[in-house]
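Spelled out from the first residue to the last, the chains are:
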Amino acid sequence: MDLSFPRFDRDAEVTVLPGDLAVLIVGIAARQAASPTAVVQASFARSAIDPKLFAPLHGAFNGPMATALTRWKDE
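Residues numbered from 1 in each chain as written. Predicted model: local features only at pLDDT ≥ 70, side-chain atom pairs only at ≥ 80, totals over all residues. Heavy atoms only, no water.

(A) Up close: the overall build of the protein chain. Within the protein chain, the regular secondary structure consists of 3 helices and 0 strands. Traced from its N-terminal end to its C-terminal end, the protein chain shows the element sequence α-α-α. Going through the 75 residues of the protein chain one by one, you find that 4% of them count as buried. For the protein chain, the accessible surface area stands at approximately 7700 Å², while carbon and sulfur atoms represent 65% of it. (Helix = DSSP H or I, 4+ residues; strand = E, 2+ residues; numbered from the N terminus. Buried < 20%, exposed > 50% of the residue type's maximum accessible area, 1.4 Å probe, protein only. Areas by Shrake-Rupley, 256 points an atom, 1.4 Å probe, with all protein chains shown as cover.)

Here is the structure:
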């Protein structure tokens, strides 16, 4: 799975969005950011995150899957 952003294609045409559409998108984004769900979700980020989540002892994001892939590779 490639999660990287696509590179800027110099040969692609630049599309200009109508001003009304840009205003509509900004309004929607503002209403979503002010929603109760967004406010609660933002408060989750303020809590302390356990550093072991980002540096597990086994060194893999998914330990059992890493073990299975290593075994499969050695077969």
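(B) Representation of the confidence of the model for the protein chain. Put simply, the protein chain has an average pLDDT of 78, and 83% of its residues get 70 or more. Here helix 2 (residues 36–46) stands out as the element of the protein chain with the lowest mean pLDDT, 81, in contrast to helix 1 (residues 19–33), whose mean of 89 is the highest. (pLDDT = per-residue confidence, 0-100.)

(C) Region of the structure containing a nonpolar patch on the surface. Taken together, the side chains of Leu17, Leu21, Leu24, Ile25 and Ile28 define a hydrophobic patch exposed on the protein surface, amounting to about 420 Å² of accessible area. Taking relative accessible area as the criterion, Ile28 reaches 36% and is therefore assigned partly exposed. (Patch = residues over 30% accessible without salt bridge, like charges linked within 9 Å, V, L, I, M, F, W, Y side chains within 5 Å. Salt bridge = Lys/Arg side-chain N within 4 Å of Asp/Glu carboxyl O.)

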